[in-house]
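Okay, here's what each chain looks like letter by letter:
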Amino acid sequence: MTEGTALPGPDGALRCPWALSTEDYVAYHDEEWGRPVHGDDALYERLCLEAFQSGLSWITILRRREGFRRAFADFKISAVAEFTDADAERLLADPGIIRNRAKIAATLANAKVLADWSPGELDALIWSFAPDAAGRPVPRTISDVAAITPESTALSKELKKRGLRFVGPTTAYALMQACGLVDDHLKDCVARRG
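Residue positions within a chain follow its written sequence, with the count starting from 1. Residue-level local features of this predicted model are given only where pLDDT is at least 70; pairs of side-chain atoms are given and counted only at 80 or more, and the full residue set underlies all totals for whole chains, interfaces and linings. Calculated side-chain values reflect all of the structure's heavy atoms, with hydrogen atoms and water omitted.

Novice: Let's hear about unusual backbone geometry: which residues, and what values?
Specialist: Positive phi, normally seen in glycine, also occurs at Ala 73, with a value near 50 degrees. Within the fold, Ala 73 resides in the loop between α4 (65-71) and α5 (77-80). For Phe 75, which is not a glycine, the phi torsion comes out positive at approximately 60 degrees. On the secondary structure map, Phe 75 appears in the loop between α4 and α5. For the purposes of this entry, the term helix denotes a DSSP run of H or I that reaches at least four residues, the term strand denotes a run of E that reaches at least two, and both are numbered from the N terminus.

Novice: Could you give an account of the layout of surface pockets, with specific residues and numbers?
Specialist: The rule is simple: put a 1 Å grid over the protein atoms alone, call a set of points where a 1.4 Å probe fits but cannot get out a cavity, call an open set with protein on both sides within 12 Å along at least five of seven lines a pocket, and count a residue as lining if it has an atom within 4 Å of a point. Grid points are joined across faces, edges and corners, and a volume is the space filled by probe spheres set on the points. Empty space within the largest pocket amounts to approximately 560 Å³. Lining the largest pocket are 22 residues; nearest its centre among them are Trp 33, Gln 53, Trp 58, Ala 174 and Gln 177. Contributions of two or more residues to the lining of the largest pocket are made by α1 (23-31), α2 (40-53) and α10 (169-178). Among the elements that make up the lining of the largest pocket, the one with the highest residue count is α10 (six residues). For the lining of the largest pocket, the per-class residue count stands at 14 nonpolar, six polar and two charged. Residue classes follow a fixed rule: Ala, Val, Leu, Ile, Met, Phe, Trp, Tyr, Cys and Pro count as nonpolar, while Asp, Glu, Lys and Arg count as charged, and any other residue, Gly among them, counts as polar.

Novice: Go over the nonpolar core with me, naming the residues and quoting the values.
Specialist: In these notes, a set of buried Ala, Val, Leu, Ile, Met, Phe, Trp, Tyr and Cys residues joined through side-chain atoms within 4.5 Å is what counts as a nonpolar core. Summary of the burial criterion: residues with accessible area below 20% of their type's maximum are buried, those above 50% are exposed, and those between are partly exposed, where the area comes from a 1.4 Å probe applied to protein chains only. Tyr 44, Phe 68 and Phe 72 are the most contacted members of the largest nonpolar core, which totals 48 residues. Per-element tally for this core: the top contributor is α2, with six residues. Here a residue-residue contact requires only that any non-hydrogen atoms of the pair lie within 4.5 Å. Excluding anything up to four places from it in sequence, Phe 72 contacts Phe 52, Val 80, Phe 83, Leu 91, Ile 97, Ile 104, Thr 107 and Leu 108.

Novice: Give a detailed account of the environment of Pro 137, specifying residues and quantitative values.
Specialist: Inspection of the secondary structure assignment puts Pro 137 in the loop between α8 (121-127) and α9 (150-161). Pro 137 sits 50 residues away from Lys 187 along the chain, and the two C-alpha atoms are 9.7 Å apart.

Novice: Describe the packing of α2 against α10, listing the residues and the values that go with them.
Specialist: As a rule, the C-alpha atoms of each element are fitted with a line to give its axis, helices using only the stretch in contact, and angles between N-to-C directions run from 0 to 180 degrees. The contact between α2 and α10 brings their axes to 9 Å, and the two run at 130 degrees. In terms of their interaxial angle, α2 and α10 are classed as oblique. The handedness of the crossing between α2 and α10 is right-handed. Every residue of α10 that contacts α2 at Leu 43, Arg 46, Leu 47, Glu 50 and Ala 51 is listed here: Thr 171, Ala 174, Leu 175 and Ala 178. Taken together, the residues of the contact of α2 with α10 sort by class into six nonpolar, one polar and two charged. Any angle between 65 and 115 degrees counts as roughly perpendicular, while under 35 counts as roughly parallel, over 145 as roughly antiparallel, and the rest as oblique. Each crossing gets its handedness from the near helix: less than a right angle anticlockwise from the far helix is left-handed, clockwise is right-handed.

Laid out in structure tokens, this is it:
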């Protein structure tokens, strides 16, 4: 078998190799990663979680996801936009999340920016950067999967231009992968859409 290709999971089905280390990863890989996500609040959640993941393993975020949801009012933009300095201090003491001052500040600041956008504007903006699937090669190995693309760089620049923080090109591409703007499941992976 070629290194980095899809590997058999616990049920024998071939999956992306990164998904096989824990049951949490298998479920996330099979049920969420690469599936289209729409809705401003849902995309705000994914954008925040990808920012919190920066420099950490995704499993760290995945296992604290419910803690993040509790701490950040289920990522309802309108609710988080109302958070105060006291809420920021509460979050810095919350063991259910990653207690990084810069990431927490960005999450709160981004909600304040997004609260002024029209309903559906975040969804429309993010999805406007989805590349044409027909023009993308299907990855056969994990080395075929990029960390940054021209589209993620453009998305990052546009989000920053509009006042959002902690949205670099790598974070933007991770968002695009997680939210189904691109399908980076490997060619032989059971979860690949087409």
